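Listed below are the residues making up each chain.
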Amino acid sequence: MFLRLLSDIQWRAAHPKWRRMSGSQRSSSTTAEPHPVALPAQAQVVICGGGVTGTSVAYHLSKMGWKDIVLLEQGRLAAGTTRFCAGIVSTARPVSVELKMAHYSNKLYQQLEQETGVQTGYVKTGSISLAQTQDRLISLKRIASSLNVMGIPCEIINPKKVLQLHPLINIHDLVGAMYVPEDALVSSANVSLALATAASRNGVQIHERTCVSHVTIQKGRVTGVETDRGRIQCEYFVNCAGQWAYELGHSGEEPVHIPLHACEHFYLLTHPLKDPLSSSLPTVVDPDGRIYIRNWQGGILSGGFEKNPKPLFTEGRNQLEIQNLQEDWDHFAPLLSALLRRMPGLESLQIMQLVNCPESFTPDMRCIMGESPTARGYFVLAGMNSAGISYGGGAGKYLAEWIVNGYPSENVWPLDLKRFGTLQSSRTFLRHRVMEVMPLMYDLKVPRWDFQTGRQLRTSPLYDRLDAQGARWMEKHGFERVKYFVPPGSDLLDLDHSKTFYKPDWFDIVGAEVKCCKEAVCVIDMSSFTKFEISSTGDQALESLQYLFSNDLDVPVGHVVHTGMLNEKGGYENDCSIARLSKRSFFMISPTDQQVHCWAWLKNRLPDDSNLVLEDVTWKYTALNLIGPRAVDVLSELSYAPMTAEHFPSLFCKEMSVGYANGIRVMSITHTGEPGFVLYIPIEYALHVYNEVMNMGQKYGIRNAGYYALRSLRIEKFFAFWGQDLDAFTTPMECGREFQVKLDKGVEFLGQEVLLEQKQNGVYKRFTMFILEDHDTDTDLWPWWGEPIFRNGRYVGKTTSSAYSYTLERHVCLGFVHHFDEKTGEELVVTTDFINQGEYEIDIAGQRFQAKAKLYPFSSLFTQRRRKDEVELSVMGKG
Amino acid sequence: MCVCPGPRRIAIPVRSSRLPLLSDAMPAPAHLFPLIRSCEISRIGSTACYCHHRHLCCLSSHFAHSHFRYAPQKKFAALYRPKEHFNHFIHTRDYASTPQRFYLTPPQVNSILKANEYSFKVPEFDGKNVSSVLGFDSNQLPANAPIEDRRSAATCLQTRGMLLGVFDGHAGCACAQAVSERLFYYIAVSLLPHETLLEIENAVESGRALLPILQWHKHPNDYFSKEASKLYFNSLRTYWQELIDLNSGETTDVREALINAFKRLDNDISLEAQVGDPNSFLNYLVLRVAFSGATACVAHVDGIDLHIANTGDSRAMLGVQEEDGSWSAVNLSYDHNAQNEREVERVKMEHPKSEERSLVKQDRLLGLLMPFRAFGDVKFKWSIELQKRVIESGPDQLNDNEYTKFIPPNYYTPPYLTAEPEVIHHKLRPQDKFLVLATDGLWETMHRQDVARIVGEYLTGVHHQQPIAVGGYKVTLGQMHGLLTERRARISSVFEDQNAATHLIRHAVGNNEFGTVDHERLSKMLSLPEELARMYRDDITIIVVQFNSHVIGAYQDEEL
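Criteria and cut-off values
Residues numbered from 1 in each chain as written. Chains lettered and ligands numbered in written order. Predicted model: local features only at pLDDT ≥ 70, side-chain atom pairs only at ≥ 80, totals over all residues. Heavy atoms only, no water. UniProt positions renumbered as here; feature names shortened; annotations may be inferred. Helix = DSSP H or I, 4+ residues; strand = E, 2+ residues; numbered from the N terminus. Buried < 20%, exposed > 50% of the residue type's maximum accessible area, 1.4 Å probe, protein only. Contact = heavy atoms within 4.5 Å. Areas by Shrake-Rupley, 256 points an atom, 1.4 Å probe, with all protein chains shown as cover. Pairing = 2+ DSSP bridges. Axes fitted to C-alpha atoms, helices over the stretch in contact; angles between N-to-C directions.

As recorded in an unreviewed UniProt entry, chain B goes by [Pyruvate dehydrogenase [acetyl-transferring]]-phosphatase 1, mitochondrial and comes from Catharus ustulatus. Listed in UniProt under the heading Subcellular location (unreviewed entry), the comment for chain B reads: "Mitochondrion". The record in UniProt for chain B states the following under Catalytic activity (unreviewed entry): "O-phospho-L-seryl-[pyruvate dehydrogenase E1 alpha subunit] + H2O = L-seryl-[pyruvate dehydrogenase E1 alpha subunit] + phosphate".

An unreviewed UniProt entry lists chain A under the name Pyruvate dehydrogenase phosphatase regulatory subunit, mitochondrial, with Catharus ustulatus given as the organism. Checking UniProt for chain A, the heading Subcellular location (unreviewed entry) contains the comment "Mitochondrion matrix". What the UniProt record of chain A gives under Function (unreviewed entry) is the line "Decreases the sensitivity of PDP1 to magnesium ions, and this inhibition is reversed by the polyamine spermine."

Structure representation (structure tokens):
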């Protein structure tokens, strides 16, 4: 959450190989100093940015054996945000991969001084996160659960214990706290210098006072870097420019969109107390007061994330202005009040300084790493959302792995640059969004919160119609999607404002929509899904797709195939439905947030053949999903064509007329396992077809439904969604989708070897459905995702998604079960027996609920009998 | 250790900044009432003296104002009831001993200040505001009871443009009220093309629904007289019928239209009073309108063409933002009073040399009237015979009124007064951010430069509060916290105004000598009893029009 440290800058004297090389001394700021060492003409990797992220990437790349690396810093090492960083290493992170990065960073920094000889100021102080409300305590308990199963010590403590740990804290308004004893403090600048020193010893060349003007890209690959001191040819470029990463990304001819924006961040430094504070005193985080407090040289350092942040540098680089940021006491006043409320004893403490240091934030509060979708070899690690020190070490490691191996050792999709596209790159959008993101750092985040800024960017043509009918919206990749429809007469204020970890207020509304899907027919607007068309003059399209997808796509024209787009390791890069429109053209539907990732994946792997065309047609079609047993009646009345199973079997695609509109692509799939159709409607017909469907559907009891209903339906039927349940580290074998893999289709495909191996030797994790047994929907905390799963009392994995099943009248959680050896912790093969023969519990914020594990869905949930492999249709998309 | 960048000069006047705040608070009655006592009561009741702008102590001139702006003559002492005032002064000595009763809480102050505030935003079409006017804020604060100022704002529906005006009545509010209701119709009609006039006339003739001419933007307190509407309409109709007959065929020039409308309305007011009305209520009304007076300052904005037509001593001022962000004021009207040499010249030119000495006395027209141009005021326009005839045939109330019967001294060659406006045309530039129209109640208390700065900073949201900086000074967290809490309280008073005109009134009434609003002073000024209020301030009416620089810039580009 926070990490800035005022460091003791002793490194100047200390270290030195690269210092001799660059020859610069700080004192020489008055004279233009010569650069005795010329830049190399070429290098394998050029890293731009000498902060903690840049040095960490250099450190890890050099550790992995890459030596031909140049690190360029426009000013001096660790002189940007890193220098001002509060230096708090905190592992209490809600997102799993972030937690792992922070944990790794902590371990790395702990031994860094020993490794390099550079003093890093590492002190294991521990941290206390305070809760002023019960809801806050629940959110802390959820984090504590995930820390514990990671093996990171962590406990929920009462206010009395807080006082024992930190005598200055006023505990009267506290309901509890979370104590993480292994959290640490470092001098962040010195950590960077230590990393730089180690990297330099491993052969990395470090050049300070060298400014990258732009990166040259040819034929979609990085070819070199232009600097104010000349050009360096390189294969890989790593943009670690922090708050300037956005501008740097836009400086070249082909822009690389890195959506981040800086805000001013303030923290206070004081003189020492009369009784100087011990340097081992735990760091205090008071999110309800929006502040953090750490000990600093006998006094305190305290900052926070205010409600009304001040974005800056919207207009450009302004590199020098970082030096001129002013203290703004009036702006800091609420945080100062919170500080004195939390530690009233500090009233008489003397102020040393109010530091204003810019921090960069991203549109979704997660950092940005990975390769540009448009320029191969262009890597990014930036936008740390003021957690640069906590993440720096781990993020540098993952990115180094990514560059060297082609993929990192963890699922980093939540941080992948490709989750964003050009649409998040507007300055106005970023400016508005970061003003929402920065306060969110400490806001209580209850399940299913949505961003309020930067909305209504991409909408379906039906947006106004649906909105007028009570639609409540969420946003995915800039696209507005309906959560549910508030029936007329409901108390709207109530619905928008009551947010809770318990049973939500939309419970009955979604229940009614689900019921309608089961008994009559519902319409869900699914226009946000990514839609591509791939066509060729000859057989190139089929051949390429057969290689890139695991299922057999050589099916008769008009058939729809569910298939994974797998990587070399058999993991899901994407999960999609592909319709064969003609012998030589295919229509591909993927989850909304695949628009950039899937495009880049295909572009990089399809042969460079002008006769093979890949087109993004997302914007051309409005998708209406008709779900329910009466969908067939509605559609046949509208088209005067028989739609029954004999004439229109499932997994079928046909262009037909609906109402007056012709050329509607109708597919017999629903994404939920219910009977029904998806209509892909050229947008100019969208309103017409929607009106026709609603009018005709009236006698069948048609109503609008939203994604929450869809989510409940798909989870109770054990359908995995990519991005939630499936990721690049999950194979079809591990989630019971062997039937979507045609190992014998006669064509080699990506990931085939791994899948073959898994088929023979078994899998190490298994996608499992859990039905909560002793969970009271009305009074117990609801599961969300990321809850630990226990088998016979031992941790075996985490849930990936969950929903209330209105049919089973139980909560259903989906998640992966691993088999860790009881003694060694080694991962063993997970067998069906292993799954079936265990007693399971799900841990929701520290409370464990019994759960029944199932490897197959309840057949009773399917209203129509189908062939078995159709029953287990996979679905894509995110609920 | 870490070195943070940037110079950190200390400028934390922890105590020092607080103390002035307290000391600049007006030490209440002790400050106010001795001043009153120091004025000679006899003087109050006798002659007028020069009004010292911005000086509260200028009691006598304010007092003169308070009564129809005519310096009371001794023989009319009874009429002006100076005795009553005298009594009030006696009372005030009692108040002085219990100053608490003058204190209003900030919410009470706000409810007084905001009672008449009104805002209008020009609606945006298709997300693009194509009008050069973003909207306007207006407000008025009474000193007279009832208030004698009026304001009007309307959008022309048959031609382009927007009309805004402030009207300062004297000798009662009847004339200001009539002008505020009628003038914009006269202007709008003057601007209408011949075909539209014909269309309207035909509609009236055949009893069809009339094309709406104006869309009014009125505060609920801005009322129109129902009883007189028929009369007013007939006069207006006569006017447009004449315009139709005249049909010059030329396109209407805004300047001419404004001048014609002003003159025509004043003429109609005069005629209506001469002709009278069978309805006794209306008859009395038209006489009151004619015998009272009103100044008018009217703006017509159409694209980048801004016309100001001014009659009297209200004022129009343009707020201009300089390149460095600072604010400056440009006058768009000339006051028609004794301080305006050209105006004095004009009056002298219009009358025989023999009257030169009696024309302007004590900075007043004929020693009586402050504004040199005005609507109504037939006492300064009609011949003595006409005045006598009308008064004699008029209702009893008129006959009983000493004032109406009184003929100004040295009254030889009427008319002495005209309603003809002076029109200034200004082409708006992107740096012209706003226009302030206000009656002299504002300009007496504030310099236009201050008005420009206060409104400019209000509209752009810039509030100059020196930032605090801690350098090497010893400040504790507790001290800083106290200081910040106090500053927040002060800033919040700025943000409590949603209306630029209200904000300006707050400053006009509450400013201390340092140019910042002093709540104590504000509270005292607003809690003055009705009769006393008029001594310390005049009615204030303000309209702040905000311009759309983007649109103005686009217009300019087009013209280039």
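Visitor: Tell me about the overall build of chain A, residues and numbers included.
Guide: A count of helices and strands for chain A gives 23 helices and 40 strands. Per-residue burial for chain A yields a buried fraction of 64% across its 879 residues. Looking at chain A alone, contacts between residues at least 24 apart form 73% of all its contacts between residues at least 6 apart. Element-wise, carbon and sulfur atoms account for 49% of the exposed surface of chain A, whose accessible area totals about 31,400 Å².

Visitor: I'd like to hear about the sheet that holds strand β14 (residues 432–438) of chain B, residue by residue, with values.
Guide: Residues and elements named next belong to chain B. One open sheet accounts for 6 strands, arranged β1-β2-β15-β14-β8-β9; its pairing is antiparallel. The sheet is open, and its two borders are formed by β1 (118–121) and β9 (327–331), each paired with just one other strand. Here the strands of the sheet are splayed against their neighbours by 20 degrees on average, with no regard to which way each runs. Pairing geometry for strand β2 (residues 133–141) and strand β15 (residues 540–547), over 8 bridges, is antiparallel. By the bridge assignment, Ser 138 is partnered in β15 with Ile 543. The strands touched by helix α19 (residues 448–460) within the sheet are β8 (315–321), β9, β14 and β15, with β9 carrying the most contacts at an inclination of about 125 degrees.

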